[in-house]
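# Structural overview
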There are 2 protein chains.
Amino acid sequence: MQIDLDLLYSWGGITKEYKKNEIIFYENTTARFYYQILEGCVRLFNTNDKGKEFTEAYFWCGDSFGEPPLLIDKDYPASAVALRDCTIIRLPKESFLKILEEYPCIQKHFLDLMADRVHSKIMFSKDIINQKPEFRINAFLKAQKNCDNDEKWLVPYTRQEIANFTGLRVETVIRVFLKMKDANKIELVNHKIYY
Amino acid sequence: MQIDLDLLYSWGGITKEYKKNEIIFYENTTARFYYQILEGCVRLFNTNDKGKEFTEAYFWCGDSFGEPPLLIDKDYPASAVALRDCTIIRLPKESFLKILEEYPCIQKHFLDLMADRVHSKIMFSKDIINQKPEFRINAFLKAQKNCDNDEKWLVPYTRQEIANFTGLRVETVIRVFLKMKDANKIELVNHKIYY
DNA sequence: CGGTTCCTTGAGGATGATCAACGAGGGTGG
DNA sequence: CCACCCTCGTTGATCATCCTCAAGGAACCG
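## Digging into the domain arrangement of chain A
Residue and element names in this part refer to chain A. By domain assignment, chain A separates into domain 1 (5–123) and domain 2 (130–194). Measuring from the centre of the C-alpha atoms in domain 1 to the corresponding centre in domain 2 gives 27 Å. Contacts between domain 1 and domain 2 engage 9 residues on the former and 8 residues on the latter. A buried area of about 660 Å², summed over both sides, lies between domain 1 and domain 2, and 50% of it is on carbon and sulfur atoms. It is Lys 52, Thr 55 and Tyr 58 in domain 1 that bury the most area against domain 2; as a group they hold 64% of the surface buried on that side. The interface formed by domain 1 and domain 2 includes 0 salt bridges. Linking domain 1 with domain 2 are 3 residue pairs in polar contact (both at pLDDT 80 or more).

Following this line, the structure appears as structure tokens:
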């Protein structure tokens, strides 16, 4: 959980409902609000000229998203869409900045959050840029699993979603999974992936 | 300029000299210090298993670097190397964190800095991941030029450096530049690139 | 059942990576 | 002034591989 809900409401936060697939904000538009998820799940993504989408991140209940442009006065570098029906608290940019100013420990919280984002972006780009498809997918899965136990883990993403995260095509993802199965790196049980 | 020098010294900062090509810290090691450049230039980069390098960023006089791991208690995701002889102030992690706590406006400064890093990483990955070589190089050059004037700008990077920034190979970079010249997108004057 | 959404397979083609040489310029020292 | 070295740039040929396009199959849900 990011900012305390009562605090958000007292500073002018309002809850908004978004339907599945509804766009919350568009790439290249001005950032006016701080968003924090009460319920649901949000995808941050870019679209390139050919319509291919690249997923930057998913955000879940309790997460905030789209903060950097509020802090540095730039347009959104990505769009945000509701992955399913969502309830989200929205706070005007000015109030958000005031809160940061007012509460150093909240400011510290966001500093740590941003540091973590930078860190994971670097981890990610390092894995993604140079490497072969199997390496990319492995890196993605490892990052998602995050806990280190050896239990097999049911991957909660479709092949298309993984393709969008890794910058690959669905067919490539499917073929890599077949190879990984043959090499005993994953298990496939009626199309479900266990890593 | 990041943190005031007198402040750094009073909190236990010391200046260190690094020779050209000297490593300042290594990937996958523990972060113990805050670094701020007095003189020189630093490259942050990853190496993959085949020895290919990917450049995350360059840092110049006045910049700080390698802060995120200090804040989130993780190992460095990249190595830092002196691009030329450098003078750098080094401050123990604990002092750095104390300063942030003590001076909210410095904390805010780093919050903005991290937000900016996240922003540029997203801009970057969006351009890099999906796109063709020419698109990547264009995106890189545009991001570096940053000021929007139409003046031709002498690109201050070697082809190899651009390759390391974009995840391409030197030969590919060279061939793209040839194509771009033919299309009048750049000028080449005795091997120098004007964009 | 009918409609989605997701998964799978095959064939073909484009394109970057790779490898191997060579060229060009700049600096240094004899 | 020349010889050498070192870094950077250039070119061509070959190859592996991922993308593309097209089609069909499987699972799930109302």
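## Focus on the interface of chain A and chain B
Taken together, the contact between chain A and chain B spans 40 residues of the former and 40 residues of the latter. Summed over both partners, the interface of chain A with chain B buries about 3800 Å², with 67% contributed by carbon and sulfur atoms. Of all residues in chain A, Leu 111, Ile 129 and Asn 130 of chain A bury the most surface against chain B, accounting for 16% of the area lost on that side. When the shortest N-O distance is used, the salt bridge between Lys 74 of chain B and Asp 116 of chain A registers 3.5 Å. Counting across the interface, chain A meets chain B through 9 residue pairs in polar contact (both at pLDDT 80 or more). Only strand E5 (53–59), helix H2 (68–72) and helix H4 (104–130) of chain A provide two or more residues apiece to the side of chain A that touches chain B. In terms of residues, the side of chain A that touches chain B owes the most to one element, H4 of chain A, which gives 20 residues. The class makeup of the residues in the side of chain A that touches chain B is 17 nonpolar, 10 polar and 13 charged.

## With respect to the sheet that holds strand E2 (residues 23–25) of chain B
Residues and elements named next belong to chain B. The 4 strands are arranged E2-E7-E4-E5 in an open sheet whose pairing can be described as antiparallel. What marks the edges here is a single partner per strand, and that holds for E2 and strand E5 (53–59). The mean angle between the axes of side-by-side strands here comes to 30°, regardless of whether they run parallel or antiparallel. Pairing between strand E4 (residues 42–47) and strand E7 (residues 79–82): 4 bridges, direction antiparallel. Looking at the pairing, Phe 45 lines up with Ser 79 of E7. Along the sheet, helix H6 (residues 159–166) makes contact with E4 and E5, crossing E5 at roughly 100°.

## Things to note about the state of the cysteines
Here a disulfide denotes one covalent bond, and it connects the sulfur atoms of two cysteines. Within this structure, the stated rule accounts for 0 disulfides over all chains. Unpaired in terms of disulfides, Cys 41 of chain B finds its nearest cysteine sulfur in Cys 86 of chain B, a separation of 6.8 Å. Here Cys 105 of chain B stays free of any disulfide, with the sulfur of Cys 105 of chain A as its closest cysteine sulfur at 17 Å. With a relative accessible area of 60%, Cys 105 of chain B lands in the exposed category.

## Overview of the protein's contact with DNA strand D
Every one of the 16 residues lining DNA strand D counts as a neighbour, but Arg 169 and Thr 172 of chain A together with Arg 159, Ile 174 and Arg 175 of chain B are closest to it. Here DNA strand D approaches the protein such that, of its atoms within 4 Å, sugar and phosphate make up 61%. One nitrogen or oxygen atom from the side chain of Arg 159 of chain B is found 2.6 Å from a phosphate oxygen belonging to DNA strand D. A distance of 2.5 Å separates a base nitrogen of DNA strand D from a polar atom in the side chain of Arg 175 of chain B. Residue classes in the surface near DNA strand D are distributed as 4 nonpolar, 6 polar and 6 charged.

Cut-off values and rules
- Residues numbered from 1 in each chain as written.
- Chains lettered and ligands numbered in written order.
- Predicted model: local features only at pLDDT ≥ 70, side-chain atom pairs only at ≥ 80, totals over all residues.
- Heavy atoms only, no water.
- Domains from an automatic or database assignment.
- Contact = heavy atoms within 4.5 Å.
- Buried area = accessible area lost by both parts, 1.4 Å probe.
- Salt bridge = Lys/Arg side-chain N within 4 Å of Asp/Glu carboxyl O.
- Polar contact = N/O pair within 3.5 Å; in protein donor to acceptor, adjacent residues only side chain to side chain.
- Helix = DSSP H or I, 4+ residues; strand = E, 2+ residues; numbered from the N terminus.
- Nonpolar A, V, L, I, M, F, W, Y, C, P; charged D, E, K, R; others polar.
- Pairing = 2+ DSSP bridges.
- Axes fitted to C-alpha atoms, helices over the stretch in contact; angles between N-to-C directions.
- Disulfide = S-S within 2.5 Å.
- Buried < 20%, exposed > 50% of the residue type's maximum accessible area, 1.4 Å probe, protein only.
- Near = heavy atom within 4 Å.

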